[in-house]
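# Coordinate analysis (summary)
Next come the chains, spelled out residue by residue.
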Protein chains: 2
Amino acid sequence: MKKKVRLAVAGFGERGNCVLDDVLIPMQQDEVEIVAVCDIRVERAQAAADKVEKSGAPRPFVTADYREILKMDTVEAVYIATDWEVHTEIAIAAMKAGKYAGMEVGGTYSVAECYDLVKAYEETGTECMFLENCCYGQRELRALNMVRKGVLGKIVHCSGAYGHDLRKSFLEAHGKDRAYRVKNYMTRNCENYPTHELGPIAKLLDINNGNKFLTLSSFSSSAKGLKEYVTEEGGPEHPLYGVDFTQGDIVTTVLTCSGGQTVILTLDTTLPRYYCRGFTVRGTRGGCFEENASIFLDKTYDDKVEGNWKTQWGNETNYPEYEHPLWKDGVADDMHGGIDHLVFAAFLEAVRTNSHPPIDVYDAATYMCVTALSEQSIAMGGAPVAFPDFTNGKFVCRTDIVENEYTLDRVGADRGLHIV
Amino acid sequence: MKKKVRLAVAGFGERGNCVLDDVLIPMQQDEVEIVAVCDIRVERAQAAADKVEKSGAPRPFVTADYREILKMDTVEAVYIATDWEVHTEIAIAAMKAGKYAGMEVGGTYSVAECYDLVKAYEETGTECMFLENCCYGQRELRALNMVRKGVLGKIVHCSGAYGHDLRKSFLEAHGKDRAYRVKNYMTRNCENYPTHELGPIAKLLDINNGNKFLTLSSFSSSAKGLKEYVTEEGGPEHPLYGVDFTQGDIVTTVLTCSGGQTVILTLDTTLPRYYCRGFTVRGTRGGCFEENASIFLDKTYDDKVEGNWKTQWGNETNYPEYEHPLWKDGVADDMHGGIDHLVFAAFLEAVRTNSHPPIDVYDAATYMCVTALSEQSIAMGGAPVAFPDFTNGKFVCRTDIVENEYTLDRVGADRGLHIV
């Protein structure tokens, strides 16, 4: 039986509670012991402790101050699910206290903050994993697997989106938990949530491991969707009524890579649409297209015979041979389709073995800083801005990547300048 | 019975011959008389004349020199289907000779060439129509109709693509008709074929009629697809073997509009893929998504109930109430799904009534110049370049737009700064 990871959890908003209910409490059986819970609204931490206790496990220590949990000898690792604003602050404090950090996703407010995160890791030697669950998505891991096997040929272009209509949740949540998120829509204009789509793309493009981003350019549409929605659905009594939102409805971001690839990201959260991460991978031998859930392999299709591409729609599940090993035997169908289970399994495995995580501080800094860079580029009319290399050259040949079942990077002989 | 338009046709490559066979010869019955045919390879003009004669019509005059047809009193209008290089030259010569020009699509080599086209029109008063058939596509006209009716709300973002795997045709055609096209892939790197997707988007965004493009930024992936294909499928004996193509596999172009919209164009011609123009229109009340042939209207869908967006796939034909009048009664299913029939019907109607065409020189210059601008932006690492206003301010309030069944612009009281 595995040694259980002694975990503290900070932040019990919507995300923290989902993970507690769907991932951490079930994983108490074999993998984790929740020894402390924390929230600046202490009643939320109390409620979390109640849930743990009710599940049959010992009641965790409860506090409103995250610094308290970092002092506890019994805490090995900290899962940070607070609001975006303090992810980095808590992660840095955790590393400085010698606690393995697991940080939820979000964008960043400055490039400096990203460097601080990297510096904390390099100075302390304590690890931090960025818990980007979409890196473990079935579709994303299938594509990663296909790329690694060479099925798609050389990869030259990818795109992804955060296509998620948040208008209703903003309207309902204002004054409640998600209020901090909508405040970003009142004060900024940027790619404010890049990591769900960028993480999986960065991994398959070997970013920070043989490849890197060189430039970023961002462009924003006008901001019409949320104001119209608030006006029509909220009415004059709603606190958001009359607000002129600064955040454009659709923000398009273009990244160029030292390996010659282009990556397009789309933030798309305030217009009517279906949920979609628009994950697209294009290579010289084939491609994957989330928009119609298809895999397109060279020489398997003839425009003139088939008449149209609809014959390909939904065929992505017809290729069991390309399924990633992590998805081959099925995954517990918990929240977010199993991806949360996988990203926490990866995190807990890394903590248990005290090893370098599959999504590390360099990745965290790279993915999160898109937000700050895009804000600058938009403000300058789409001028390209330089993309920092947070590895400071280590991307040329990484030596710290650990190989296990959760590894997302190329390893061993396969590592290096392979795809350029 | 209508007066038949006395037409000369210049250029009998693949496109000219298709239009002759599928559109012009059938239209001889009621609409057109082909009085002259021209091709620098005169045997191709002879073959075209043979076809016309065989159809029962009088044999047209045959020449290798387009200047000859411009001298003919019997010629009212000229249809230009030569290679890209001389579209503008012939159109300008036609206008100067007082012949109504109908110009096939393609990109441009310089912004100056676009200004020359506009100047020829303004100086001669002779009209020129840009024959962008995709402006009359069923999907595109349906979206235009929905936009005009307000069904999609305020439009804030559009995208389109030329997603067409041309590798095989380049390999087979080298040394033959399409050779000039592949030569562009050996000497340039740009959005070389923007008009099919841009034309319909520009019309629904009221470009040159209340709205205009402000900036263009383009980004190119590396060029891997065509070389790999030539190497594997052509082999060492093929004339293209060993060529290092300059044209990136995927070129992404971002346009910003004075009305606040963003437009994304994708050139995607040298990697394996299905044919698709990726036409997407996004408004505050709904959107159209070609990638899965769907129409998405606000409040008709609930992520949580439906489970996933696949329930929407292919529903675009479920809205007969939004069908554009030109498609309502069905369209002759000739080449390219009826769109060639419609664009020629629009052209012949404009010539017959000697009126301003629905896609004019300002539109032609605007759509074509994307090619030259994108080449510059890519060369400057994606720096935004200024987009010319070829109307020189007339876009603020157009007075020359003609209303008939083929009109694509807003007209009458609906004209002006309506969507900003």
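### Remarks on the overall build of chain A
- Broken down by element type, chain A carries 14 helices and 14 strands.
- Over its C-alpha atoms chain A spans a radius of gyration of 21 Å, differing by no more than 12% from the 22 Å that the globule rule assigns to 420 residues.
- Its C-alpha atoms give chain A principal-axis dimensions of about 65 × 60 × 40 Å.
- For chain A, the residues scored as buried account for 65% of the 420 residues in total.
- In chain A, of all internal contacts separated by at least 6 residues, the share reaching a separation of at least 24 is 76%.
- Once the 44 positive and 61 negative side-chain charges of chain A are each reduced to a mean point, those two points are 2 Å apart.

### Focus: helix α14 (residues 361-379) of chain A
All names here are of chain A.
- Between its first and last C-alpha, α14 extends 27 Å over 19 residues, near the 27 Å set by a 1.5 Å rise per residue.
- The largest bend along α14 measures about 35° and falls at Val370.
- Within α14, 16 of the 19 residues are buried, which leaves the element mostly enclosed by the surrounding structure.
- Where α14 starts, the residue carrying a side-chain oxygen 3.0 Å from the main-chain nitrogen of Tyr362 turns out to be Asp360.

### Overview of the sheet that holds strand β13 (residues 294-297) of chain B
Residue and element names in this part refer to chain B.
- What the eight strands build is an open sheet, ordered β13-β12-β11-β7-β10-β9-β8-β14; its pairing is mixed. In this open sheet, the two strands that pair with only one neighbour each are β13 and β14 (385-386).
- Summarising the sheet, strand β9 (residues 250-257) and strand β10 (residues 262-268) pair through seven bridges and their orientation is antiparallel. The partner of Val254 across the bridge, within β10, is Ile264.
- Here helix α6 (residues 138-149) sits on the sheet in contact with β7 (155-163), β11 (280-283), β12 (286-289) and β13, set at roughly 15° to β13.

### Regarding the nonpolar core
- Core analysis: the biggest nonpolar cluster contains 130 residues, and B:Leu24, B:Tyr136, B:Leu204, B:Val281, B:Phe344 and B:Phe347 have the highest contact counts within it.
- If one sorts the elements of this core by residue count, helix α14 (residues 361-379) of chain B sits on top with eleven residues.
- Here this core spans two domains, and each of domain 1 (5-134) and domain 2 (135-328 + 369-396) of chain B adds at least three residues to it.
- Core analysis: the next-biggest nonpolar cluster, separate from the first, contains 129 residues, A:Tyr66, A:Tyr193, A:Phe245 and A:Val351 among them.

### A few points about the relation of the copies chain B and chain A
- When chain B is brought onto chain A, the operation consists of a screw motion whose angular component is 180° and whose axial shift is 0.0 Å, with 0.0 Å RMSD remaining. Taken together, the turn and the small shift mark the pair as related by a two-fold rotation axis.
- An overlap of 100% is found between the interface residues of chain B and their copies at the interface of chain A, pointing to a shared contact surface.

### Description of the domain arrangement of chain A
Residues and elements named next belong to chain A.
- Segmentation of chain A into domains returns domain 1 (5-134) and domain 2 (135-328 + 369-396).
- Placing the centre of domain 1 and that of domain 2 at their C-alpha centroids yields a distance of 26 Å.
- Contact with domain 1, which involves 22 residues of that partner, is made by 26 residues of domain 2.
- Of the roughly 2000 Å² buried where domain 1 meets domain 2, counting both sides, 59% is carbon and sulfur surface.
- Interface area lost by domain 1 to domain 2 is led by Trp84, Glu132 and Cys134, which between them contribute 34%.
- Remark: the boundary between domain 1 and domain 2 carries one salt bridge.
- For Glu122, the salt bridge is made with Lys394, and the minimal N-O distance between the two is 3.1 Å.

### Description of the pattern of salt bridges
- Scanning all chains against the criterion turns up 70 salt bridges over all chains.
- Notably, a salt bridge pairs A:Lys154 with B:Glu228, separated by 3.1 Å at the nearest N-O pair. Taken together, the residues span two chains, with A:Lys154 in the loop between α6 (138-149) and β7 (155-163) and B:Glu228 in helix α10 (residues 225-234).
- The exposure class assigned to A:Lys154 is partly exposed, which follows from its relative accessible area of 38%.
- Note that B:Asp400 is salt-bridged to B:Arg398, the shortest N-O span being 2.8 Å.
- Since its relative accessible area comes to 3%, B:Arg398 is described here as buried.
- The network of salt bridges with common partners includes A:Arg139, A:Arg142, A:Glu290, A:Glu316 and A:Glu323.

### Quick notes on unusual backbone geometry
- Here A:Asp206, not a glycine, exhibits a phi torsion of approximately 60°, which is positive.
- Relative to the assigned elements, A:Asp206 resides in the loop between α9 (195-204) and β8 (213-220).
- Phi at B:Asn392 is positive, roughly 50°, even though this residue is not glycine.

### A look at empty space enclosed by the protein
- Applying the stated criterion across every chain, the model contains eleven cavities of 30 Å³ or more.
- Estimates place the volume of the largest cavity at around 690 Å³.
- Lining the largest cavity are 34 residues, and of these A:Ser159, A:Glu291, B:Ser159, B:Thr266 and B:Glu291 lie nearest its centre.
- Elements that contribute at least two residues to the lining of the largest cavity include exactly β7, β9 (250-257), β10 (262-268) and β11 (280-283) of chain A together with β7, β9, β10 and β11 of chain B.
- Within the lining of the largest cavity, the residues separate by chemical class into ten nonpolar, 14 polar and ten charged.

The rules we used
Residues numbered from 1 in each chain as written. Chains lettered and ligands numbered in written order. Predicted model: local features only at pLDDT ≥ 70, side-chain atom pairs only at ≥ 80, totals over all residues. Heavy atoms only, no water. Helix = DSSP H or I, 4+ residues; strand = E, 2+ residues; numbered from the N terminus. Rg over C-alpha atoms; globule rule 2.2 N^0.38 Å. Buried < 20%, exposed > 50% of the residue type's maximum accessible area, 1.4 Å probe, protein only. Contact = heavy atoms within 4.5 Å. Lys, Arg positive; Asp, Glu negative; His and termini not counted. Charge placed at Lys NZ, Arg CZ, Asp CG, Glu CD. Expected span 1.5 Å × (residues − 1). Bend = angle between axes of the 7 residues up to and from the residue. Polar contact = N/O pair within 3.5 Å; in protein donor to acceptor, adjacent residues only side chain to side chain. Pairing = 2+ DSSP bridges. Axes fitted to C-alpha atoms, helices over the stretch in contact; angles between N-to-C directions. Core = buried A, V, L, I, M, F, W, Y, C linked by side-chain atoms within 4.5 Å. Domains from an automatic or database assignment. Least-squares fit on C-alpha atoms with pLDDT ≥ 70 in both. Buried area = accessible area lost by both parts, 1.4 Å probe. Salt bridge = Lys/Arg side-chain N within 4 Å of Asp/Glu carboxyl O. 1 Å grid on protein atoms, 1.4 Å probe; cavity = no way out; pocket = protein on both sides within 12 Å on 5 of 7 lines; lining within 4 Å. Points joined across faces, edges and corners; volume = space filled by probe spheres on them. Nonpolar A, V, L, I, M, F, W, Y, C, P; charged D, E, K, R; others polar.

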